[in-house]
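Descriptive structure summary
If you want the building blocks of each chain, they are given just below.
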Amino acid sequence: MAAREFFHKAAKDTKIMNFNNSLEFAKELDKADKLSAFRDKFFFPQLNGKEAIYFCGNSLGLQPKTASAALQQELSDWAQFAVEGHFHAKNPWFSYEKLFDKPLAKLVGAKPSEVCALGSLTNNLHLLMVSFYRPTAKRFKILCEEKPFASDQYALESQVKFHSFKPDEAIIELKPRAGEFTLRTEDILAKIEELNDELALVMIGGVNYYTGQAFDMKSITEAAHKVGALAGFDLAHAMGNLVMNLHDWNVDFACWCSYKYLNSGPGSVAGIFVHEKHGNNLELPRFAGWWGNNPDTRFKMEKGFIPAIGADGWQLSNATVFSMAVHKMALDIFDEAGIGNLRKKSEKLTAYLEFIIDEINSRQFAVGSRQSKITLLTPRDKNQRGCQLSLVLSENGKQIHEQLLKAGIITDWRNPDVIRLAPAPLYNSFEDVWKFGNELNKIMER
Ligand SMILES: Cc1ncc(COP(=O)(O)O)c(C=O)c1O
């Protein structure tokens, strides 16, 4: 978009929201925020001896203050009960994974039997693709967004090779139109229709990690099914960020991690969704382990795997209790806040960040009479984004990122010129956003 056009659009949008770029105004917004107390439930990192302003919840969420006691509980139960902890721990380890069915189901809009906390994101993606990428000579293509996260690229590439297809022929990447940064839903749907009976699977991020674009999972799933393909989503950047209805949208499968918006700690236990129409199909091929066996016969230790009904049937191993203990604490906070309430705040918080950025941009634009210095990669339509905004800085981006850090503001840098900012509604405030803008403006004026 040309700078002038960008500026006019920005001015129009901000008028609608009636925002104001002042500390007093930001504080007023915080006062009116019913979720503001949730900030106190988290530890903030320290920079230069004071609490940092943290915008990296899309990378690693903050630690809930309840995490340490929950971990301590499991350590004490281990010390006190050893193997008997499987049955006598406060939360018996034998059925630990069942603690997550309800809270995860709420977050993705599913039935409790359709979700399970297990493993890690990339491992789970492979496990799910074993079941849901079953190519034939004719129908072998996978549709994904251009340059998905590296781990997803490698997973798709290796799955395709595993089935003896060539990645160049089997993996079709969706590219934005010339001069655009993000994908148009109509183009995604048209591509699905075009690939038709060659398309085996649409495997796409719920929210793209780089641009922050949220995809229309419902329409994509419908379109995939119409041509006889399946639809799966990597929800790494959507989980705890968007309101989803995976069951009603008829999504076939999804996987996510819990260390971003779900604040469950580095490398913590991940999770999956498998629609009940597949979860109830015990004939579906899968890679199996004892914990995915029907619990009634699991300990008979006999030949012949009989899958548990639902997403539980994809488990391989017994519960990773230490990381799950923290995960539970984090999900309790989500339960208390409610994902619908969080999303409402998130839309406003991100819109405020967008307004502040437009303001700075228009000032810089007016002062230097040059092209805009900051370009927004993320769509301006709130229905096409979560809380993240990705900014392209036309000059000295890396230095700006470093100077922000020096000023106590943690953002995420992506080569060659992108800063990603994710104001998380659970713990970020409007004041955080204003302070970021104030600092960015100072740096850019220098
Ligand atoms: C979109 C996406 N996919 C996959 C991964 C890899 O996750 P993991 O290392 O937990 O398997 C990440 C990690 O940030 C991600 O953002």
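Fair warning: this is a prediction, and the values are worked out from it, not measured in the lab.

Along the protein, the regular secondary structure elements total 15 helices and 17 strands. When its C-alpha atoms are laid out on the principal axes, the protein stretches across 75 × 60 × 35 Å. Put simply, the protein has 446 residues, and 55% of those count as buried. Of the roughly 19900 Å² of accessible surface on the protein, a fraction of 53% belongs to carbon and sulfur atoms. Averaging the locations of the 53 positively and 54 negatively charged side chains of the protein gives two centres separated by 3 Å.

Let us look at the domain arrangement of the protein. Quoted interface sizes are often the accessible area lost when the parts come together. When the domains of the protein are assigned, the result is domain 1 (3–65 + 339–445) and domain 2 (69–337). Taken residue by residue, the interface counts 37 residues in domain 1 and 28 residues in domain 2. With both sides pooled, the region where domain 1 packs onto domain 2 buries about 2700 Å², and carbon together with sulfur makes up 61% of that total. On inspection of domain 1 and its partner domain 2, the count reaches 1 salt bridge. Between K41 and E336 there is a salt bridge, with its nearest N and O atoms 3.5 Å apart. Here domain 1 and domain 2 share 14 residue pairs in polar contact (both at pLDDT 80 or more) between them. Those elements that place two or more of their residues in the side of domain 1 that touches domain 2 are helix 13 (339–368), strand 13 (374–376) and strand 17 (418–421). In terms of residues, the side of domain 1 that touches domain 2 owes the most to one element, helix 13, which gives 5 residues. Counted by class, the side of domain 1 that touches domain 2 contains 17 nonpolar, 14 polar and 6 charged residues.

The next point concerns the packing of aromatic side chains. On inspection of all chains with the given rule, the structure shows 23 aromatic pairs. Geometrically, the ring pair formed by F44 and Y427 is edge-to-face, given 6.0 Å between the ring centres and 85 degrees between the ring planes. Highlighted residues: F44 in the loop between strand 1 (42–43) and strand 2 (46–47) and Y427 in the loop between strand 17 and helix 15 (430–445), separated in sequence by 383 residues. Note on Y427: relative accessible area 1%, which makes it buried. With a centroid separation of 5.0 Å and 10 degrees between ring planes, the pair formed by F132 and F253 is classed as stacked. Here F253 lies in strand 11 (residues 253–256) and F132 lies in helix 6 (residues 121–132), a separation of 121 residues in the sequence. There is no split in this pair, since F132 and F253 are both buried. Here the aromatic cluster, defined as three or more aromatic residues joined through ring pairs, consists of F19, F25, Y352, F355 and F430. Positioned above the aromatic ring of W291, the side-chain terminus of R298 is 4.0 Å from the ring centre.

Around the ligand sit L121, T122, F149, S151, D152, D234, A236, H237, Y259 and K260, and that is every residue in its neighbourhood. Interatomic distance of 2.5 Å between a side-chain N/O atom of T122 and an oxygen atom of the ligand. K260 places a polar side-chain atom, nitrogen or oxygen, 2.8 Å from an oxygen atom of the ligand. Protein chains shield 80% of the accessible area of the ligand, which is 400 Å² for the free molecule. Going through the elements one at a time, helix 6 and helix 7 (150–162) are the ones with two or more residues in the shell around the ligand.

Scoring rules and cut-offs
- Residues numbered from 1 in each chain as written.
- Predicted model: local features only at pLDDT ≥ 70, side-chain atom pairs only at ≥ 80, totals over all residues.
- Heavy atoms only, no water.
- Helix = DSSP H or I, 4+ residues; strand = E, 2+ residues; numbered from the N terminus.
- Buried < 20%, exposed > 50% of the residue type's maximum accessible area, 1.4 Å probe, protein only.
- Areas by Shrake-Rupley, 256 points an atom, 1.4 Å probe, with all protein chains shown as cover.
- Lys, Arg positive; Asp, Glu negative; His and termini not counted.
- Charge placed at Lys NZ, Arg CZ, Asp CG, Glu CD.
- Domains from an automatic or database assignment.
- Contact = heavy atoms within 4.5 Å.
- Buried area = accessible area lost by both parts, 1.4 Å probe.
- Salt bridge = Lys/Arg side-chain N within 4 Å of Asp/Glu carboxyl O.
- Polar contact = N/O pair within 3.5 Å; in protein donor to acceptor, adjacent residues only side chain to side chain.
- Nonpolar A, V, L, I, M, F, W, Y, C, P; charged D, E, K, R; others polar.
- Phe/Tyr/Trp six-rings, centres within 6.5 Å; stacked < 30°, edge-to-face > 60°.
- Lys NZ or Arg CZ within 6 Å of the ring centre and 35° of its normal.
- Near = heavy atom within 4 Å.

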